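What follows is each chain in one-letter form.
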Amino acid sequence: MARTAIVTGGSRGIGRAIAVGFAKKGYNVVISYAGNEQAATETEKLCRESGATDVVTYKGDVSDENSCEELVKTVMDKYGQVDALVNNAGITRDGLVARMSADDFDSVISTNLRGAFLMSKLVTKPMMKQRYGRIVNISSVVGVHGNAGQANYSASKAGLIGMTKSIAKELASRNITVNAVAPGMIATDMTAVLTDAQKENINSSIPAKRMGEPEDVANAVLFLADEKSSYITGQVLEVSGGL
Ligand code: NDP
């Protein structure tokens, strides 16, 4: 039977590349997204063309418990198993801390950290029953090193690293691995807001002298989500061109 992977925030950017990666391996691919129907439909098409056994797109908010419950129930009713979960959905609400509103702090923590917690909690039961599972959390280099203007975002990404290491310890004996990938600067809608001058400035500070592509991150995620990566857990893999 085909394996099943859930990719949150799979409609665009890094999530789309990860979804297509699972499709190429013949998975049932389930992508969730916040509201961009057109992007989700495009990803569904790409996954089908790439060899997915089946594809489901689900519109929902990862920070909402009922929505996450409905998503996992849909997956279990349809496929009876969930083999991989990639907690990729994420947002930014940047600003210097003195001017950052509590709402902007809370919404970033809710989507990026609470969302990953809710989804991980919900897949744990079926994964424990299966005695197999792969969870990969998309953190960020700023969760390790910090970044001015991103107190909320870097806190959420650092939180993901702590959560990854803790859940990895809880689930290691059940053949469930939990790892994090920490991307540097990746060319997606999230970074498209930067001016050309800002991008040039950033590129010059990256040892690889370029921004990464979504596929660079997807390759690392697919490696950690592979059956053969069964002895790697609780790790953080930076994909940052040496930043
Ligand atoms: P994008 O902004 O391109 O895409 C974000 C995705 O998340 C979309 O699919 C969006 O859905 C979805 N999403 C947003 N909020 C929610 C929500 N509440 N519930 C469900 N889905 C949601 O982001 P990237 O591809 O750039 O980033 C993906 C991940 O990688 C994020 O966690 C980000 O923090 C992380 N990252 C990105 C870096 C970069 O340089 N780009 C660097 C380091 C980490 P919709 O399309 O419907 O809006």
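Just so it is clear, the structure is predicted and the values come from calculations on it, not from any experiment.

Topic: the site of the ligand
Okay, so step 1: Every one of the 31 residues lining the ligand counts as a neighbour, but Ser 11, Gly 35, Asn 88, Tyr 153 and Thr 188 are closest to it.
Okay, so step 2: Measuring from an oxygen atom of the ligand, one finds a backbone N or O atom of Ile 186 at 2.8 Å.
Okay, so step 3: Out of a free accessible area of 910 Å², the ligand has 93% covered by protein chains.
Okay, so step 4: For the shell around the ligand, the elements supplying multiple residues, two or more each, are α1 (13–24), α6 (151–171) and α7 (189–192).
Okay, so step 5: The element best represented in the shell around the ligand is α7, accounting for 3 residues.
Okay, so step 6: Class assignment for the residues of the shell around the ligand results in 12 nonpolar, 15 polar and 4 charged.

Here we look at a negative patch on the surface
Okay, so step 1: Judged by side-chain charge, Asp 61, Asp 64, Glu 65 and Glu 69 come together as a negatively charged surface patch.
Okay, so step 2: Note that Glu 65 resides in helix α3 (residues 65–79).

Considerations on the packing of aromatic side chains
Okay, so step 1: Under the definition given, this model contains 1 aromatic pair.
Okay, so step 2: Ring centres of Phe 22 and Tyr 27 lie 4.8 Å apart, and the angle between their planes is 50°; this geometry places the pair in the tilted category. Judged on exposure class, the residue Phe 22 and its partner Tyr 27 are both buried.
Okay, so step 3: In this structure, Arg 3 is placed above the aromatic ring of Tyr 132, and the distance from its NZ or CZ to the ring centre is 3.9 Å.

Considerations on the state of the cysteines
Okay, so step 1: If you walk through the whole model with that rule in mind, you get 0 disulfides.
Okay, so step 2: Cysteine Cys 47 is unpaired, with the sulfur of Cys 68 as its nearest cysteine sulfur at 20 Å.

Some remarks on the sheet that holds strand β3 (residues 54–59)
Okay, so step 1: Spatially, β3-β2-β1-β4-β5-β6-β7 is the arrangement adopted by the 7 strands of the open sheet, whose pairing is parallel. Two strands lie at the open edges of the sheet, namely β3 and β7 (236–239), each paired on one side alone. The mean angle between the axes of side-by-side strands here comes to 15°, regardless of whether they run parallel or antiparallel.
Okay, so step 2: Along the sheet face, helix α2 (residues 37–50) touches β2 (28–33) and β3 and points at about 170° away from the line of β3.
Okay, so step 3: With respect to the sheet, α3 is in contact with β1 (4–7), β2 and β3, its orientation differing from that of β3 by roughly 160°.

Quick look at the side chain of Thr 43
Okay, so step 1: Relative to the helices and strands, Thr 43 is located in helix α2.
Okay, so step 2: Thr 43 gets classed as buried once you look at its relative accessible area, which sits at 0%.
Okay, so step 3: Polar side-chain contacts of Thr 43 include one of 2.8 Å to the side chain of Arg 16.

Thoughts on the nonpolar core
Okay, so step 1: Counting residues in each nonpolar core, the largest one holds 31 residues, and the members touching the most others are Ile 18, Phe 22, Val 29 and Val 181.
Okay, so step 2: Looking at this core, the elements with two or more residues in it are β1, α1, β2, α2, β4 (84–87), β5 (133–138) and α9 (214–225).
Okay, so step 3: Those residues in contact with Ile 18 that lie beyond four places of it in its chain are Val 7, Val 86, Asn 88, Ile 138, Ala 218 and Val 221.
Okay, so step 4: Formed by 26 residues, the second largest nonpolar core is a distinct cluster that contains Val 30, Leu 85, Leu 113 and Leu 118.

Concerning α1
Okay, so step 1: Between its terminal C-alpha atoms α1 stretches 17 Å, which fits the 16 Å expected from 12 residues at 1.5 Å a residue.
Okay, so step 2: Most of α1 sits out of view: 9 of its 12 residues are buried.
Okay, so step 3: All of the buried residues in α1 are Ile 14, Gly 15, Ala 17, Ile 18, Ala 19, Val 20, Gly 21, Phe 22 and Ala 23.
Okay, so step 4: Buried positions along α1 lie against β1, β2, α2, β4, β5 and α9.
Okay, so step 5: Looking one or two residues beyond α1, the residue adopting positive phi is Gly 26, at roughly 80°.

Basis of the calculations
Residues numbered from 1 in each chain as written. Predicted model: local features only at pLDDT ≥ 70, side-chain atom pairs only at ≥ 80, totals over all residues. Heavy atoms only, no water. Near = heavy atom within 4 Å. Polar contact = N/O pair within 3.5 Å; in protein donor to acceptor, adjacent residues only side chain to side chain. Areas by Shrake-Rupley, 256 points an atom, 1.4 Å probe, with all protein chains shown as cover. Helix = DSSP H or I, 4+ residues; strand = E, 2+ residues; numbered from the N terminus. Nonpolar A, V, L, I, M, F, W, Y, C, P; charged D, E, K, R; others polar. Patch = residues over 30% accessible without salt bridge, like charges linked within 9 Å, V, L, I, M, F, W, Y side chains within 5 Å. Salt bridge = Lys/Arg side-chain N within 4 Å of Asp/Glu carboxyl O. Lys, Arg positive; Asp, Glu negative; His and termini not counted. Charge placed at Lys NZ, Arg CZ, Asp CG, Glu CD. Phe/Tyr/Trp six-rings, centres within 6.5 Å; stacked < 30°, edge-to-face > 60°. Buried < 20%, exposed > 50% of the residue type's maximum accessible area, 1.4 Å probe, protein only. Lys NZ or Arg CZ within 6 Å of the ring centre and 35° of its normal. Disulfide = S-S within 2.5 Å. Pairing = 2+ DSSP bridges. Axes fitted to C-alpha atoms, helices over the stretch in contact; angles between N-to-C directions. Contact = heavy atoms within 4.5 Å. Core = buried A, V, L, I, M, F, W, Y, C linked by side-chain atoms within 4.5 Å. Expected span 1.5 Å × (residues − 1).

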